[in-house]
Amino acid sequence: MDIDSVSGLAADIVAALTTITDPEIGGNIVDLGLIYDVSVDVDGAASIVMTTTSRGCPAAGFLQQAVQAAVEAVKGVTAAVVDLTYEPRWTPDMIRSGVFPVAARH
């Protein structure tokens, strides 16, 4: 896969993630700033780093599973790893206006 295809796949993953709604706040997890990183390598393996609104969030498992399923459903993704982190801690000022950077790994 060339770098343009990898970038396109990363963008498709972000688009898929915007369909997941945080059950507590009600917005999509990308615009809420819960997705910290999306990267894809040339083989189509995706890595997502995400958080929840709080360390004790009762929806953490649901959200992590929803992200895993959404990423795996994107055409071209060969594997997906979803890591949950609390560093940095999520705050409401992380809510985005829909702009999200994606990364391609070589």
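Right above here is the structure, for reference.
Residues numbered from 1 in each chain as written. Predicted model: local features only at pLDDT ≥ 70, side-chain atom pairs only at ≥ 80, totals over all residues. Heavy atoms only, no water.

### Let's talk about the overall build of the protein chain
Stage number 1. Along the protein chain, the regular secondary structure elements total two helices and four strands.
Stage number 2. Relative to the compact-globule value of 13 Å for 106 residues, the protein chain shows a C-alpha radius of gyration of 13 Å, a close match.
Stage number 3. Dimensions of the protein chain along its principal axes, counting C-alpha atoms only, are 40 × 25 × 25 Å.
Stage number 4. Evaluated residue by residue, the protein chain yields a buried proportion of 43% over its 106 residues.
Stage number 5. Considering only residue pairs separated by 6 or more positions, the protein chain has 69% of its internal contacts joining residues 24 or more positions apart.
Stage number 6. Accessible surface computed for the protein chain: about 5,400 Å², of which carbon and sulfur atoms make up 55%.
Stage number 7. In the protein chain, 5 side chains carry a positive charge and 13 a negative one; their mean positions are 5 Å apart. (Helix = DSSP H or I, 4+ residues; strand = E, 2+ residues; numbered from the N terminus. Rg over C-alpha atoms; globule rule 2.2 N^0.38 Å. Buried < 20%, exposed > 50% of the residue type's maximum accessible area, 1.4 Å probe, protein only. Contact = heavy atoms within 4.5 Å. Areas by Shrake-Rupley, 256 points an atom, 1.4 Å probe, with all protein chains shown as cover. Lys, Arg positive; Asp, Glu negative; His and termini not counted. Charge placed at Lys NZ, Arg CZ, Asp CG, Glu CD.)

### Topic: the nonpolar core
Stage number 1. If you look at the biggest cluster of nonpolar residues, it comprises 31 residues, and the most contacted ones within it are Ile-13, Leu-17, Ile-35, Val-67 and Val-71.
Stage number 2. Contributions of two or more residues to this core are made by α1 (3–17), β1 (35–40), β2 (45–50), α2 (60–72) and β3 (79–84).
Stage number 3. The element best represented in this core is α1, accounting for seven residues.
Stage number 4. Every residue in contact with Leu-17, bar those within four places of it in the chain, is listed here: Ile-29, Val-30, Ile-35, Val-38, Val-67, Ala-70 and Val-71. (Core = buried A, V, L, I, M, F, W, Y, C linked by side-chain atoms within 4.5 Å.)

### Observations concerning unusual backbone geometry
Stage number 1. Residue Pro-88 follows Glu-87 across a cis peptide bond; omega there is -5 degrees.
Stage number 2. Residue placement: Pro-88 occurs in the loop between β3 and β4 (103–104).

### A look at α2
Stage number 1. Relative to the 18 Å expected for 13 residues at 1.5 Å per residue, α2 spans 18 Å between its end C-alpha atoms, a close match to the ideal helical length.
Stage number 2. Looking only at α2, the buried set comprises Ala-60, Leu-63, Ala-66, Val-67, Ala-70 and Val-71. For α2, the arc enclosing every buried residue in end-on projection is 130 degrees, short of the 170-degree limit, so these residues lie on one face.
Stage number 3. Its buried side turned inward, α2 meets α1, β1, β2 and β3. (Expected span 1.5 Å × (residues − 1). Arc of directions from axis to C-beta.)

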